[in-house]
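# What the coordinates show
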Amino acid sequence: MLNNHVTFRRVVSGALLVVAPLLQALAVTVDPGTWGDDREAVSFGVNPTLAQVQSALYHWSWLLMAVAVLGLVHLTRQRNTRLGHVSGALTVVGYSSLSGMLIIDPVEWWLGRHHSPERAQQIMDEMMDLPITVGAFQMPWIFLGFVGLPLLIVAVWRTGFVGWWAPLVVTAGYLGSFAVPYGPLILPFWYAPVVALGWVGVKILRMGDEAWASYYAMAAPGRTTPDSYANTTA
């Protein structure tokens, strides 16, 4: 597979669209802050092991999602190309920025071990409110992924590769996660993208190399085209 660029890119794209959102859902499931105090300086101290696990899961989820979206952009080579490129770029920048922010988790754990929750939060605010921290690592970059990915799924839907429900479920999951406090209520919203993105990933894994390669250039007469596979949309 490593010697075949078509197979490699198709399989990696499909697999990561299944794995990346699943890791994110697992992260919120094991996060001590989901079930306890929403102040990480407190909840991380209750179960440091799960706190480290959730950080690693979030990190790899967001890092791998930044790679997975390249496969979605590939599906827009012949239709909705502009929207695919713009939304894909937003998603890559957004998820890459989110991943980098997770380095603050062990800092919050340490502060919680040595200071009161109030003092720990004060120190974190002073650190995170520095202009370079906000401008280079936080705003608005960490939110671009939550805008770009739903738009990218819309672009893929408009190519006919997936049904209308896929962008609807992804968008509802992200919007809903911002509408409720971080806690048990957020779980269904983080699992919603697992279903939609996972379905896209499975379709990519099942489509075969010929169909994937047909997106690289306009197919010659008589050759299989993406439209042949769009008709199998669920």
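Structure's up top.
Residues numbered from 1 in each chain as written. Predicted model: local features only at pLDDT ≥ 70, side-chain atom pairs only at ≥ 80, totals over all residues. Heavy atoms only, no water.

### Here we look at the overall build of the chain
The condition that has to hold: Only DSSP runs of H or I covering at least 4 residues are called helices, and only runs of E covering at least 2 are called strands; the numbering of each starts at the N terminus. Exposure categories follow from relative accessible area, calculated using a 1.4 Å probe and restricted to protein chains: below 20% of the type maximum is buried, above 50% is exposed, and the middle band is partly exposed. Contacts between residues were defined by any pair of non-hydrogen atoms, one from each residue, lying within 4.5 Å. All accessible-area figures derive from a Shrake-Rupley calculation using a 1.4 Å probe, and residue coverage is judged against the displayed protein chains alone. His is not counted, nor are the chain ends; Lys and Arg add positive charge and Asp and Glu add negative charge. Charge placement uses NZ in Lys and CZ in Arg. For Asp and Glu, CG and CD serve respectively.
Looking only at helices and strands, the chain has 13 helices and 0 strands in total. Expressed along its principal axes, the backbone C-alpha trace of the chain runs to roughly 70 × 35 × 30 Å. Expressed as a percentage of the 234 residues in the chain, the buried residues total 44%. Nonlocal contacts in the chain, meaning residues at least 24 apart in sequence, comprise 73% of its contacts between residues at least 6 apart. Approximately 11600 Å² of the chain is accessible, and the part contributed by carbon and sulfur atoms is 68%. Charge centroids of the chain, computed over 12 positive and 13 negative side chains, lie 19 Å from each other.

### Observations concerning the packing of aromatic side chains
Stated formally: A pair of Phe, Tyr and Trp rings is counted when the ring centres sit within 6.5 Å of each other, with Trp represented by its six-membered ring. The angle between the planes then sorts it: under 30 degrees is stacked, over 60 is edge-to-face, the rest tilted.
Enumeration according to the criterion identifies 7 aromatic pairs in this entry. Where Phe146 meets Phe178, the ring centres are 5.3 Å apart and the plane angle is 85 degrees; that geometry is what we call edge-to-face. Within this pair, whereas Phe146 is found in helix α9 (residues 141-158), its partner Phe178 is found in helix α10 (residues 165-179), the two being separated by 32 residues in sequence. Its relative accessible area of 13% is what places Phe146 among the buried residues. One aromatic cluster is present, built from ring pairs that chain together Tyr95, Phe143, Phe146, Tyr174, Phe178 and Trp190.

### Structural notes on a nonpolar patch on the surface
Filter applied, for reference: Nonpolar side chains (Val, Leu, Ile, Met, Phe, Trp, Tyr) within 5 Å and like charges within 9 Å form the patches, drawn only from residues with over 30% relative accessible area and no salt bridge. The term salt bridge refers to a pairing of a side-chain nitrogen on Lys or Arg with a carboxyl oxygen on Asp or Glu at a separation within 4 Å.
On the surface, Met1, Leu2 and Phe8 cluster together to form a nonpolar patch covering roughly 330 Å² of accessible area. Here Met1 shows up in the segment before α1 (5-30).

### Things to note about the layout of surface pockets
Rules: Buriedness for pockets is judged along seven lines, at least five of which must meet protein on both sides within 12 Å for an open set on the 1 Å grid over protein atoms alone, while cavities are sets there where a 1.4 Å probe fits but cannot get out, and lining residues have an atom within 4 Å of a point. Grid points are joined across faces, edges and corners, and a volume is the space filled by probe spheres set on the points. Any residue that is not Ala, Val, Leu, Ile, Met, Phe, Trp, Tyr, Cys, Pro, Asp, Glu, Lys or Arg is counted as polar, Gly included; the first ten are nonpolar and the last four charged.
Computed from the structure, the largest pocket encloses a volume of approximately 940 Å³. In terms of lining, the largest pocket is formed by 30 residues, of which the most central are Glu40, Trp62, Leu98, Ile142 and Tyr182. In terms of residue count, helix α7 (residues 117-128) provides more of the lining of the largest pocket than any other element does, 4 residues in total. Each residue belonging to the lining of the largest pocket can be placed in one class, and the counts come to 18 nonpolar, 5 polar and 7 charged. Roughly 180 Å³ of volume is contained in the second largest pocket.

### Quick word on α10
Worth spelling out the cut-off: Every helix has an expected span of 1.5 Å times one less than the residues it contains.
Its 15 residues place the ends of α10 21 Å apart at the C-alpha level, agreeing with the 21 Å of an ideal helix rising 1.5 Å per residue. Contact partners of the buried residues in α10: α1, α5 (81-101), α9 and α11 (187-207).

### Some words on the packing of helix α4 (residues 48-74) against α9
To keep it simple, the criterion reads: All axes are obtained by fitting lines to C-alpha atoms, using only the stretch in contact for helices, and the reported angles, taken between N-to-C directions, cover 0 to 180 degrees. Between 65 and 115 degrees an angle is taken as roughly perpendicular, under 35 as roughly parallel, over 145 as roughly antiparallel, and anywhere else as oblique. In this scheme, a crossing is called left-handed if the near helix is turned counterclockwise away from the far one by less than a right angle; it is called right-handed if the turn is clockwise.
In the contact formed by α4 and α9, the axes pass within 10 Å of each other and the chain directions differ by 25 degrees. Taken together, the axis directions place α4 and α9 in an arrangement best described as roughly parallel. In terms of crossing hand, the pair formed by α4 and α9 is left-handed. Residues Met65, Val69, Leu72 and Val73 of α4 form the contact with α9, whose own contacting residues are Leu149, Leu152, Ile153 and Val156. When its residues are assigned to classes, the contact of α4 with α9 shows 8 nonpolar, no polar and no charged.

### Comments concerning the environment of Leu197
Position of Leu197 relative to the elements: it lies in helix α11. According to the relative accessible area criterion, Leu197 is buried, its value standing at 0%. Along the backbone, Leu197 and Val169 are 28 residues apart, and their C-alpha atoms lie at a distance of 9.2 Å. Setting aside chain neighbours within four positions, we find Leu197 in contact with Leu17, Pro21, Met65, Leu149, Ile153 and Val170.

### Points about the side chain of Ser214
This is how it is decided: Polar contacts here mean pairs of N or O atoms no more than 3.5 Å apart (in protein, one a potential hydrogen donor and the other a potential acceptor; neighbouring residues in sequence count only if both atoms are side-chain atoms).
With respect to the secondary-structure elements, Ser214 resides in the loop between α12 (209-213) and α13 (226-230). Given the relative accessible area of 0%, Ser214 is considered buried. Among the polar contacts made by the side chain of Ser214, one reaches the main-chain carbonyl oxygen of Ala211 at a distance of 2.5 Å.

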